[in-house]
Amino acid sequence: MAAVSAITPSSAIPSRHRVAARRRIGQSVVVGLLLLATALAVALLVTILGYVVVRGLPAIDLAFFTERPRPFGEPGGGIGPALLGTALLAAVSGAIAIPIGMSAAIFVVEYRSGRFAAPVRFAAELIAGLPSIVIGVFVWALLVRGLVGHYAAIAGAVALAVIMVPIVARTVEEVLRLVPNSLREAALALGAPRWKVIMSIVLPTARAGILTAAILALARSAGETAPLLLTALGNDFFSTDLFRPIAALPLQIYRYAVSPYDDWHTKAWGASLVLVVVIGVVGLLLRVVARQRVR
Amino acid sequence: MLVPLTLVAITVLILIDSWPALTTFGLTYFTTTEWDPVKLVFGAAAYVYGTLVTTIVAVVLATPIAVGAAIYLTEFAPRAIRAPVAFTIELLAYIPSIVYGLWAIFVMVPVMRSAVEPALQATLGQLPVIGKLFSGTPIGLDLLSGGVVLAIMILPILMAVSREVLLAVPPTQREAMIGLGATRWEAVSRAVLPYARPGIIGGAVLGVARAFGETMAVTMVVGNSSRDISGSLFVPGYTMASAIANQFVEADSELYFSAIVEIALVLLLVGIIVNAAARVLIRRSISDRPAGAVV
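Residues numbered from 1 in each chain as written. Chains lettered and ligands numbered in written order. Predicted model: local features only at pLDDT ≥ 70, side-chain atom pairs only at ≥ 80, totals over all residues.

*Asks:* Could you clarify how one ought to interpret the overall build of chain A in this entry?
*Replies:* Tallying secondary structure elements over chain A gives 13 helices and zero strands in all. Helices and strands in chain A line up, N terminus first, as α-α-α-α-α-α-α-α-α-α-α-α-α. In summary, chain A has a C-alpha radius of gyration of 26 Å against a globular reference of 19 Å for 295 residues, an excess of more than 25%. Referenced to the eigenvectors of the C-alpha coordinate spread, the extents of chain A come out at roughly 85 × 70 × 35 Å. For chain A, with 295 residues in total, the buried portion stands at 44%. Once local pairs closer than 6 in sequence are excluded, the contacts in chain A between residues at least 24 apart make up 71%. (Helix = DSSP H or I, 4+ residues; strand = E, 2+ residues; numbered from the N terminus. Rg over C-alpha atoms; globule rule 2.2 N^0.38 Å. Buried ≥ 20, exposed ≤ 12 C-beta atoms within 10 Å, placed from the backbone. Contact = placed C-beta atoms within 7 Å.)

The following block contains the structure:
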């Protein structure tokens, strides 16, 4: 630690100049290294996205979006069922997770003095931190082997919902905390019961933020693969039946990627491009909604 | 109340399913590496080892880059670029695991095989003790590649947490030090970083939590071969999560299945412990986080 001695005052004036110069150079070197780390992180993002775009674009045409995957050797084939499946899984998992996540958040914020607020919050955080494959194993045991009896879209949707609930709960919680207490107090003073205050004052005020939370959770779950491997399984055909295996974009990418065929690898890149663009568009939407909230 | 119940249900179901393996193998499950579905002998030490090694590699590689970038973006970068660049790096968190896996197989692994690993072998591989880490044939699909992918994947969360912790350091810490004649870097290294240390360590722990349960990307590059523990990074390995993903569907006997679920049980318990620890550390550094943060 040369810099330590630089701090201690030195009595000789000439050497003080030298020390100052050394400290300045030391700072420049450190800042250079820090800049390098930052540049490396940004470069990684640019490289990965660049590869997805460059390798993915050749796969993209209209048929790629509408056709179902073909056996190897047949020309064409696309990700139609996977797109349909991902949309369906998002809709069903959202319908399950958003109300539950919101209730948990309302419970924690509006009834915070209650005995159960702290455990709900803590459990949500712990679930959020669990590896998604563990959630896959859980939903497999609960639904695929238990209630449903075989691989099914509904199991995939429940697995995604378990992943989404803590995200929704935590984000909505932050938003609800931003609602000024004076609004609640004003409504309570007018004699409104607690539930009415929540329904007609707190939630409408936080609407944009709640929407943000829902979109964020959907964007997160759209790319999940591991839990779907154990629940939704994948499907080469168009299906909207919740009680049969269903295709999903990440599963389709996996299938194409681990195959030995170059043509399928291109399709994997193409499907990745679609997935990244979907998540990117959703993310942009998120920024727009979030900005409106600030205004 | 559904949220804590879910956590309890996850734990109970996974515990029930892993019970046969727990009672049959006891502690030898963690101390032996023989994993033989034919003889029905299961020891997961090689999987635990693979998870530990890839996670350590990931944290060792990612921490300096992430913390360096966070320091640069809070203390030294021109004000106008701070938030945009940080946001750009955080975008890495939104790339789905499966896309990382695709990129890693087709772009990163060939580079590791032909350039990085031979170079490491020629330089660090010649050193007496740590040289053993780099022994063997560079094949690209190995523990090192698994660790490198993980490093890229935990980079954004590490950076985001470090940045928030650094932003939460009171400006008076810096001002006092600079007022005493210190350079910016001296102020950062001696007044800001010590203050932020618990939070940064918390971020690293959160990175560990992400890394050890990550499934798809690692499964695609780690080699998936449960060889014995050799001490080299250049051998194909298996992580706990990739073992579940690869073998779950093919488990054909109750004990085999139970042994796989016991891996999920370990991931579950470690996940709960590590996440709880990380939150405590981070909360000590920042009292409240903004909505929609990566954490």
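*Asks:* Even after reading the chapter, I still don't get the overall build of chain B, so can you show me in this structure?
*Replies:* Regarding its fold elements, chain B presents eleven helices and two strands. Per-residue burial for chain B yields a buried fraction of 55% across its 295 residues. In chain B, of all internal contacts separated by at least 6 residues, the share reaching a separation of at least 24 is 77%.

*Asks:* Looking at this structure, I do not really get the packing of helix α5 (residues 117–129) of chain A against helix α7 (residues 153–178) of chain A. What am I missing?
*Replies:* Two quantities define a packed helix pair, namely the angle between the axes and the distance from one axis to the other. All names here are of chain A. Axis separation between α5 and α7 bottoms out at 9 Å; the angle between their running directions is 130 degrees. By the angle between their axes, α5 is oblique relative to α7. Note that α5 runs across α7; the crossing there is left-handed. Between α5 and α7, the contacting residues are Ala124, Glu125, Ile127 and Ala128 on the first element and Val162, Val165, Pro166, Ile167, Ala169 and Arg170 on the second. Among the residues forming the contact of α5 with α7, the class breakdown is eight nonpolar, no polar and two charged. (Axes fitted to C-alpha atoms, helices over the stretch in contact; angles between N-to-C directions. Parallel < 35°, antiparallel > 145°, perpendicular 65-115°, else oblique. Left-handed = near helix turned anticlockwise from the far one by under 90°. Nonpolar A, V, L, I, M, F, W, Y, C, P; charged D, E, K, R; others polar.)

*Asks:* What's the story with the domain arrangement of chain A in this structure? I'm lost.
*Replies:* Domain assignment breaks chain A into domain 1 (2–46) and domain 2 (66–294). Distance between the C-alpha centres of domain 1 of chain A and domain 2 of chain A: 46 Å. (Domains from an automatic or database assignment.)

*Asks:* How do you make sense of unusual backbone geometry when you look at a structure like this?
*Replies:* Excluding glycine, residues mostly have negative phi values, and the peptide bonds linking residues are mostly trans. Of note in this structure, leucine 233 of chain A is not a glycine but carries a positive phi near 70 degrees. Looking at the secondary structure, you find leucine 233 of chain A in the loop between α11 (226–229) and α12 (249–257). Phi at leucine 40 of chain B takes a positive value of approximately 60 degrees, unusual for a residue other than glycine. Relative to the assigned elements, leucine 40 of chain B resides in the loop between β1 (35–36) and β2 (41–42).

*Asks:* Can you walk me through helix α1 (residues 2–25) of chain B in this structure?
*Replies:* Residue and element names in this part refer to chain B. The terminal C-alpha atoms of α1, which comprises 24 residues, lie 34 Å apart, in line with the 34 Å expected from a rise of 1.5 Å per residue. Among all positions of α1, only Val3, Thr6, Leu7, Ile10, Leu13, Ile14, Asp17, Ser18, Ala21 and Phe25 are buried. Directly beyond the C-terminal end of α1, a positive phi value near 55 degrees is found at glycine 26. (Expected span 1.5 Å × (residues − 1).)

*Asks:* What exactly am I supposed to notice about the confidence of the model for chain B here?
*Replies:* Should the pLDDT be low somewhere, the predicted coordinates at that spot are not to be read in detail. Residues and elements named next belong to chain B. Within chain B, residue pLDDT values average 87, and 96% of them lie at 70 or more. For the stretch residues 288–295, pLDDT sits under 50, and the model shows 21 contacts to residues farther than four places along the chain or on other chains. Reported for the predicted complex are a pTM of 0.88 and an ipTM of 0.86. (pLDDT = per-residue confidence, 0-100.)

*Asks:* Any chance you could explain the environment of valine 221 of chain B here in plain terms?
*Replies:* Residue and element names in this part refer to chain B. Mapping valine 221 onto the fold places it in helix α9 (residues 216–221). Since 29 C-beta atoms lie within 10 Å of it, valine 221 is described here as buried. Along the backbone, valine 221 and valine 129 are 92 residues apart, and their C-alpha atoms lie at a distance of 26 Å. Contact partners of valine 221, with chain neighbours within four places excluded, come to Gly101, Ala104, Ile105, Val109, Leu141, Ser145, Gly146 and Val149.

*Asks:* What should I look at first to understand the confidence of the model for chain A in this one?
*Replies:* With 92% of its residues at a pLDDT of at least 70, chain A reaches an overall mean of 86. Scored below 50 in pLDDT, residues 1–7 of chain A makes eight contacts in the model with residues more than four places away or belonging to other chains.

*Asks:* For this particular structure, what's the right way to read the environment of alanine 86 of chain B?
*Replies:* With respect to the secondary-structure elements, alanine 86 of chain B resides in helix α4 (residues 79–90). Linking alanine 86 of chain B and alanine 160 of chain B, residues 74 residues apart in sequence, is a C-alpha distance of 7.6 Å.

*Asks:* How should I be thinking about the nonpolar core in this particular structure?
*Replies:* A general trend in soluble globular proteins is that nonpolar side chains are found buried together. Val137 and Val168 of chain A together with Val149, Leu155 and Ile244 of chain B are the most contacted members of the largest nonpolar core, which totals 203 residues. When near neighbours in sequence (up to four residues on either side) are disregarded, isoleucine 244 of chain B contacts Ile133 and Val137 of chain A together with Ile260, Ile263 and Ala264 of chain B. (Core = buried A, V, L, I, M, F, W, Y, C linked by C-beta atoms within 7 Å.)

*Asks:* Looking at this model, I keep getting lost on the environment of valine 139 of chain A. Mind explaining?
*Replies:* Residues and elements named next belong to chain A. Along the chain, the position of valine 139 falls in helix α6 (residues 132–147). Look at valine 139 and you get buried, because 30 C-beta atoms sit within 10 Å. Separated by 40 residues in the primary sequence, valine 139 and proline 99 place their C-alpha atoms 19 Å from one another. Excluding anything up to four places from it in sequence, valine 139 contacts Ala155, Val158, Ala159, Val162, Pro227 and Thr231.

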